[in-house]
Amino acid sequence: MTSNPLGGFGAGYGTSQRNQYLEDSVLSAPPARLLTMLYDRLLLDLGRAERAQQAANWQVASENLLHGQSIIAELISSLKTDSWDGADGLLGLYNYAFTALVNANIQRNAVLTREAIDLLEPLRQAWHEAAAAIPAAQPAQAAAPSSFAAAGSWAASSGSGSGSLGFG
């Protein structure tokens, strides 16, 4: 059974129903929404990891850091560096955050986890703002803002349900 990429849903809601709801939500989400969902889960994982590290709960910290690394790997794999001038900079930022999380896990260092959070949170906010600027009436295929579609920063085919992030 894969992990739930979006966290808890509600007590009393059956696990298989919750998983089906989440899978349907992910599969029907436009690319911009998928990106914001990934960032939301990434920052949730990192916050959980940081709290677990501060409490010396290394198992929980490690699980959340590893899941965060998986999300960053998905973000890296969906980045089209040949289609957008700023993509190399974003790739460098993702690689830096990924390395920080690996080291945070190995060294049991909450400061490195906090550094990744501080680096990624402004990106999460920016992607949410960009996604909110998209008119709701657009079809799912055209839902990515021009910076997503034209710049190629988000590949619509990624996260198709077969990834390691628990979407499928």
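Every value quoted in this text rests on a predicted model; they were computed, and no experiment measured them.

Trainee: Report on the overall build of the chain, specifying residues and quantitative values.
Mentor: On a plain count of helices and strands, the chain comes out with six helices and zero strands. Ordered by position from the N terminus, the helices and strands of the chain form the series α-α-α-α-α-α. Counting across all 168 residues of the chain, residues that qualify as buried make up 42%. At a minimum sequence separation of 6, the contacts of the chain that also span at least 24 residues come to 69%. Carbon and sulfur atoms make up 54% of the accessible area of the chain, which totals about 8500 Å².

Trainee: Break down the pattern of salt bridges for me, citing the residues and quoting the values.
Mentor: For the structure on display, the rule yields five salt bridges. Close ionic contact of Asp45 with Arg41 constitutes a salt bridge, the shortest N to O distance being 2.7 Å. Linking Asp45 with Arg41, this pair stays in helix 2 (residues 31-54), spanning four residues, or about one helical turn. The pair formed by Asp45 and Arg41 is uniform in burial state, with each residue classed as buried. Two residues, Glu50 and Arg114, come together in a salt bridge whose shortest N-O distance is 2.8 Å. Taken together, the residues span a long stretch of sequence, with Glu50 in helix 2 and Arg114 in helix 5 (residues 110-132) at a distance of 64 residues. Assessed through its relative accessible area of 33%, Arg114 is described here as partly exposed. Bridged by salt links that share partners, the residues Asp40, Glu121 and Arg124 form one connected network.

Trainee: Before we move on, could you go through helix 5 and cite the residues and values that matter?
Mentor: Counted at 1.5 Å a residue, the expected span for helix 5 with its 23 residues is 33 Å, and the 32 Å between its end C-alpha atoms agrees. Leu120 marks the point of greatest bend in helix 5, at about 30°, and the proline Pro122 comes within the next four residues. Ala110, Leu112, Thr113, Ala116, Ile117, Leu120, Leu123, Trp127 and Ala131 are the residues of helix 5 that are buried. Sitting at the amino-terminal end of helix 5 is Asn109, which places a side-chain oxygen 2.8 Å from the backbone nitrogen of Val111.

Trainee: Quick rundown of helix 2? Include the residues and the values.
Mentor: The end-to-end C-alpha separation of helix 2 is 35 Å, in line with the 34 Å expected for 24 residues at 1.5 Å each. Among the 24 residues in helix 2, 18 count as buried, and that is most of the element. Phi for Ala56, located one or two positions after helix 2, is positive at around 60°.

Procedures and definitions
- Residues numbered from 1 in each chain as written.
- Predicted model: local features only at pLDDT ≥ 70, side-chain atom pairs only at ≥ 80, totals over all residues.
- Heavy atoms only, no water.
- Helix = DSSP H or I, 4+ residues; strand = E, 2+ residues; numbered from the N terminus.
- Buried < 20%, exposed > 50% of the residue type's maximum accessible area, 1.4 Å probe, protein only.
- Contact = heavy atoms within 4.5 Å.
- Areas by Shrake-Rupley, 256 points an atom, 1.4 Å probe, with all protein chains shown as cover.
- Salt bridge = Lys/Arg side-chain N within 4 Å of Asp/Glu carboxyl O.
- Expected span 1.5 Å × (residues − 1).
- Bend = angle between axes of the 7 residues up to and from the residue.
- Polar contact = N/O pair within 3.5 Å; in protein donor to acceptor, adjacent residues only side chain to side chain.

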